[in-house]
Amino acid sequence: YRPLRDMGAQYHARMEAIGAAEGLIEIVAPEASESTPDAGMVGPIPRPHAIECRNLAFSYADNAPVFEGVDLSLHRGERLALVGPSGAGKTTLAHLLLGFVQPSAGDIRIDGADLAALPSAAWQAQIAWVPQRPTLFHGTIADNIRLGCPEADDAAVAHAARQANADGFIDALPEGYDTRVGDRGQGLSGGQIQRIALARAFLKDAALVVLDEPSASLDPASEAAITEAVARLAADRMLLIIAHRLDTVRQADNILLLADGAIVERGRHEALMAANRRYARLWSLYRAEDAFVGNGP
């Protein structure tokens with residue numbers, strides 16, 4: 001039986017590799033297109049104040065839509081949270097706003113301008129993405145914080161680290177910001193890696209910051225430090241939070257529940273709880289699960 005099991009595992013690994021290779025090819029050798037804006041538009045764009053999405057839809061080739069008819073808006077200084085079951089399309093929707101993929105229908109407007117008509121490099125200069133498992137590279141901590149802003153001086157790096165609540169553990173290291181870390185942050189804890197990733201976002205001073213559950217699987221002390229840093233990050237920026245742990249969305253200005261291919265509920269935490277519909281049921285399940293594993297009140 002084991003050879004058959006191993007053969008199945010290798011087959012799935014091969015299929016994942018093929019999928020990854022196709023994505024790499026799209027990045028390394030993008031096809032020329034008459035609708036590609038970069039040829040006619042160059043240079044930076046003004047710092048955006050609002051994102052508006054109307055009738056947004058996305059589907060993978062030859063598959064049913066991931067979601068349809070999505071309307072949302074996000075303004076400077078606001079925190080928008082996306083919640084919903086696994087596979088509902090939360091990360092896909094975030095990738096659309098980041099410009100990583102294109103919608104199948106509808107449009108995304110940045111201060112009234114079509115995102116598809118903006119130079120990709122100019123839009124990327126305005127965004128920061130903090131994934132659930134950030135990647136650190138072999139080098140110093142300062143080098144890793146400078147990833148999105150390589151020209152930043154030491155004072156700017158230290159200021160970003162303070163804003164991200166990362167300065168305490170960095171200063172305690174024998175070589176401080178010159179401490180070298182291994183690939184994927186070897187030598188640092190998950191909470192420390194996450195705070196370095198937040199420091200990158202502070203240093204870049206992006207207009208739109210997308211956080212994919214920044215406090216998942218962290219100890220209470222690290223979670224508290226990151227939650228405080230995220231609240232600071234939200235000031236004067238558009239902040240999109242993909243939430244798996246519902247505790248992280250209670251202070252959001254607007255919560256969107258994505259399920260069954262559409263946004264089925266929206267509003268603040270208190271209003272959604274009072275409505276006693278799907279969000280309230282998700283919250284009850286989340287609190288019960290948290291209490292079961294010993295994290296509840």
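Chains are numbered independently. Their residues run from 1 in the order of the written sequence. This being a predicted model, a pLDDT of at least 70 is required before a residue's local features are given, and a value of 80 or more before pairs of side-chain atoms are given or counted; all residues contribute to the totals for chains, interfaces and linings. Side-chain numbers here rest on the full set of heavy atoms in the structure, without hydrogens or water.

(A) Layout of the side chain of Thr92. Helix and strand definitions here come from DSSP, where helices need a minimum of 4 consecutive H or I residues and strands a minimum of 2 consecutive E residues; each element is numbered from the N-terminal end. Locating Thr92 in the fold gives a position in helix 2 (residues 90-98). Here Thr92 is in contact with Phe58, Tyr60, Phe67 and Val101, once residues within four sequence places are set aside. For this analysis, residues touch if any pair of their heavy atoms sits within 4.5 Å.

(B) Examining the sheet that holds strand 3 (residues 79-83) more closely. Think of it this way: DSSP has to see at least two bridges between two strands before they count as a pair. The mixed open sheet is built from 6 strands, whose spatial order is 6-9-10-3-11-12. One side of each edge strand has no neighbouring strand; the edge strands of this open sheet are strand 6 (127-130) and strand 12 (262-267). Sheet twist, expressed as the mean angle between neighbouring strand axes with direction ignored, is 20 degrees. Only the contacting stretch of a helix is used when fitting its axis, a line to C-alpha atoms as for every element, and angles between N-to-C directions run 0 to 180 degrees. Against the sheet, helix 7 (residues 190-204) touches strand 6 and strand 9 (208-212), its axis set at about 175 degrees to strand 6.

(C) Examining the packing of aromatic side chains more closely. Stacked, edge-to-face and tilted are the three classes for Phe, Tyr and Trp ring pairs, Trp counted by its six-membered ring, which pair at centre distances within 6.5 Å; planes under 30 degrees apart are stacked, over 60 edge-to-face, the rest tilted. Under the counting rule described, the total for this entry stands at 2 aromatic pairs. Aromatic pair Phe58 and Tyr60: ring centres 4.9 Å apart, planes at 90 degrees, arrangement edge-to-face. Each residue's exposure class comes from its accessible area (1.4 Å probe, protein chains only) as a fraction of the maximum for that residue type: buried when under 20%, exposed when over 50%, partly exposed otherwise. Note on Phe58: relative accessible area 7%, which makes it buried. Ring centres of Phe100 and Trp129 lie 5.7 Å apart, and the angle between their planes is 70 degrees; on these two criteria the pair is classed as edge-to-face. Here the residue Phe100 occupies a position in the loop between helix 2 and strand 4 (105-110), and Trp129 occupies one in strand 6, the gap between them amounting to 29 residues. When its relative accessible area of 42% is taken as the criterion, Phe100 is described as partly exposed.

(D) Looking closely at the pattern of salt bridges. Any carboxyl oxygen of Asp or Glu within 4 Å of a side-chain nitrogen of Lys or Arg constitutes a salt bridge here. Counted by the stated rule, this structure contains 10 salt bridges. Asp154 is the partner of Arg146 in a salt bridge, and the nearest nitrogen-oxygen pair spans 2.5 Å. Residue classification places Arg146 among the buried positions, given a relative accessible area of 14%. Counted as one network, the salt bridges with shared partners bring together Arg47, Asp205 and Arg237.

(E) Structural view of the environment of Ala243. As for its placement among the helices and strands, Ala243 is situated in the loop between strand 10 (238-242) and strand 11 (254-259). Look at Ala243 and you get buried, because its relative accessible area is 2%. Expressed as a C-alpha distance, the spacing of Ala243 and Glu213, which sit 30 residues apart in the sequence, is 5.1 Å. Residues in contact with Ala243, not counting those within four places in the same chain, are Leu82, Val83, Lys90, Glu213, Thr248 and Val249.

(F) Spatial organisation of helix 5 (residues 154-163). If you check which residues of helix 5 are buried, you get Val157, Ala158, Ala160 and Ala161. Along the axis of helix 5, the buried positions cluster into a sector of 160 degrees, meaning they face one direction only. Each element contacted by the buried residues of helix 5 is listed here: helix 4 (141-145), helix 6 (167-172) and helix 7. Backbone geometry just downstream of helix 5 places Asn165 in the positive-phi region, at approximately 60 degrees. The arc in question is the one traced by the directions running from the helix axis out to the C-beta atoms.

(G) Up close: the side chain of Lys90. Checked against the element boundaries, Lys90 lands in helix 2. Counted as positive: Lys and Arg. Counted as negative: Asp and Glu. His and the chain ends are not counted at all. We note that Lys90 is buried and unpaired, the nearest opposite charge coming from Asp212 at a distance of 7.8 Å. When neighbours within four sequence positions are excluded, Lys90 is seen to be in contact with Leu82, Val83, Gly84, Pro85, Ile242, Ala243, His244 and Leu258.

(H) Structural context of the confidence of the model for the chain. Looking at the chain as a whole, its pLDDT mean stands at 84, while 89% of the residues score no less than 70. pLDDT measures how confident the predictor is about each residue, on a scale from 0 to 100. Counted against residues more than four places away or in other chains, residues 31-40, with its pLDDT under 50, gives 9 contacts.

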